[in-house]
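Below are the chains, spelled out letter by letter.
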Amino acid sequence: MASISKAEKAYIQSSLLSNPPLRADGRGLIDFRTISLESGIAPIANGSARVSIGRNAQDGGGGTEVVAAAKLEVESVGDDEGVDGGRVVCSVTCSPTAYPLLSPNALDDLQHDMTSVLNATLSHPTIRPKNLGILPGRKSWLLNLDVIVFSDAGNIFDAIFMAARAALWDTKVPRTKSVQYRAKKSDRSDATQAMDMDVDETGHVGSALDTRQTIQVADFELPDYWDEGEHLDGRQTWPVCVSLNLLPTLHFLDATLQEEASVPLKLLVFYSFPSDATPLLRGMRLLGTGVSDLVQVKSLLKDGEKYARNVWVALEGKLKDEDLRRNQKARERFLNR
């Protein structure tokens, strides 16, 4: 978050509004800086990714850098906030070095705002993965998605959502196998013999006068290791974010810190593009002190859909390349054993 003088703000705004528009790094209004992405960076996470925007190619410094990691844990349905079918909980943490001028209280407020935007979008029930359930009504997976902002050189929300989508794309859910135990309550001495795993008792005929209850306890086991399993369901539903920085007569993308400090209003749009459906607007946010009307917002949503599709296509191509790269490395490690 940059603090600039009124003269600097006026200079940046006049440059953007000139014909042709001028930006300090020579980009066009809808051009992005260089974006790099790497998945599988956290070995102990179920899925992880790192995204950087505008990093210096010569020394690797500068730019916006965000790391996201997904971790699965088992929770009981009905206890505290457990939900049948599983749930997703997101959090954003900002490194103090990313915002050295902010006080601890201001940094907490910033983290809360970022967490609110991310969690409200990705934790919505309409995009909840279908393979987070374990035992219906008893056990489910809780997916914790933790995002860390290491540096902010502008366009932080786009970077957060790119890293989040890449981490969820990389996430694998361990397969589970339900296990049932049945033992007669009155026959505790033969409980071990009466135990039946994965097989229902058939052919046992009891007396009509037998009122003894049968104790049933359901549990599950993991056929996979913790880092194996099936991909998280709903890869096509996780949205991307595009930030439109608004000036009176134009908008531009991928703003630097100085450019962000020069605009009065920013529109965040969240789109997903399922392969078998029309584009879906997952949400939108207006940030800043400026004002906008409904006609302008409708026009910006159409432009935002076009920009979001370009980001979506590029990101999905990179994620598929990352899958191939990691599978190739896994095969090489297996052959070199």
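Preceding this section is the structure that the text describes.
Criteria and thresholds
Residues numbered from 1 in each chain as written. Predicted model: local features only at pLDDT ≥ 70, side-chain atom pairs only at ≥ 80, totals over all residues. Heavy atoms only, no water. Helix = DSSP H or I, 4+ residues; strand = E, 2+ residues; numbered from the N terminus. Buried < 20%, exposed > 50% of the residue type's maximum accessible area, 1.4 Å probe, protein only. Contact = heavy atoms within 4.5 Å. Areas by Shrake-Rupley, 256 points an atom, 1.4 Å probe, with all protein chains shown as cover. Expected span 1.5 Å × (residues − 1). Polar contact = N/O pair within 3.5 Å; in protein donor to acceptor, adjacent residues only side chain to side chain. Salt bridge = Lys/Arg side-chain N within 4 Å of Asp/Glu carboxyl O. Core = buried A, V, L, I, M, F, W, Y, C linked by side-chain atoms within 4.5 Å.

Engineer: I'd love a proper account of the overall build of the protein chain, names of residues and values included.
Structural biologist: For the protein chain, the helix and strand inventory stands at six helices and 14 strands. A total of 337 residues make up the protein chain; the buried ones form 40% of that total. Taking the intrachain contacts of the protein chain between residues at least 6 apart in sequence as the baseline, contacts between residues at least 24 apart amount to 71%. For the protein chain, the exposed surface amounts to about 18700 Å²; the carbon and sulfur share of it is 53%.

Engineer: Quick rundown of helix H3 (residues 156-170)? Include the residues and the values.
Structural biologist: When the terminal C-alpha atoms of H3 are compared, their 21 Å separation across 15 residues agrees well with the 21 Å that a helix rising 1.5 Å per residue should span. By the criterion of burial, H3 is predominantly enclosed, with 15 of the 15 residues buried.

Engineer: Lay out the side chain of Asn131 in plain terms, naming residues and giving numbers.
Structural biologist: Residue placement: Asn131 occurs in the loop between helix H2 (104-122) and strand S5 (133-135). From its side chain, Asn131 meets the backbone oxygen of His231 in a polar contact 3.1 Å long. A polar contact is formed between the side chain of Asn131 and the backbone nitrogen of Asp233, at a distance of 3.1 Å. Apart from residues lying up to four places away in sequence, Asn131 is in contact with Trp141, Val173, Glu230, His231, Leu232 and Asp233.

Engineer: Tell me about the pattern of salt bridges, residues and numbers included.
Structural biologist: With the rule as written, the count across this model stands at 12 salt bridges. The residue Arg87 makes a salt bridge to Glu75 at a minimum N-O spacing of 2.8 Å. Of this pair, Arg87 sits in strand S4 (residues 87-94) while Glu75 sits in strand S3 (residues 64-76), and the two are 12 residues apart along the sequence. Of the charged contacts in the structure, one is a salt bridge between Glu316 and Arg165, with a shortest N-O distance of 3.5 Å.

Engineer: Give a description of the nonpolar core that names residues and reports values.
Structural biologist: Met114, Leu122, Leu145, Val149 and Ile160 are the most contacted members of the largest nonpolar core, which has 66 residues in total. Membership of the second largest hydrophobic core comes to eight residues, among which are Ile12, Leu16, Phe252 and Ala255.

Engineer: An account of unusual backbone geometry is requested, with residue identities and associated values reported.
Structural biologist: Along the chain, Asn19 connects to Pro20 via a cis peptide bond; the corresponding omega equals 0°. Its place among the elements puts Pro20 in the loop between helix H1 (6-17) and strand S1 (35-39). Of note, the phi angle at Asn155 is positive, near 60°, even though the residue is not glycine. Take Asn155: it is sitting in the loop between strand S6 (139-151) and H3. At Asp254, a residue that is not glycine, the phi angle is positive and equals roughly 50°. The residue Asp254 is located in the loop between strand S12 (250-252) and helix H5 (257-262) in this model. Taking relative accessible area as the criterion, Asp254 reaches 0% and is therefore assigned buried.

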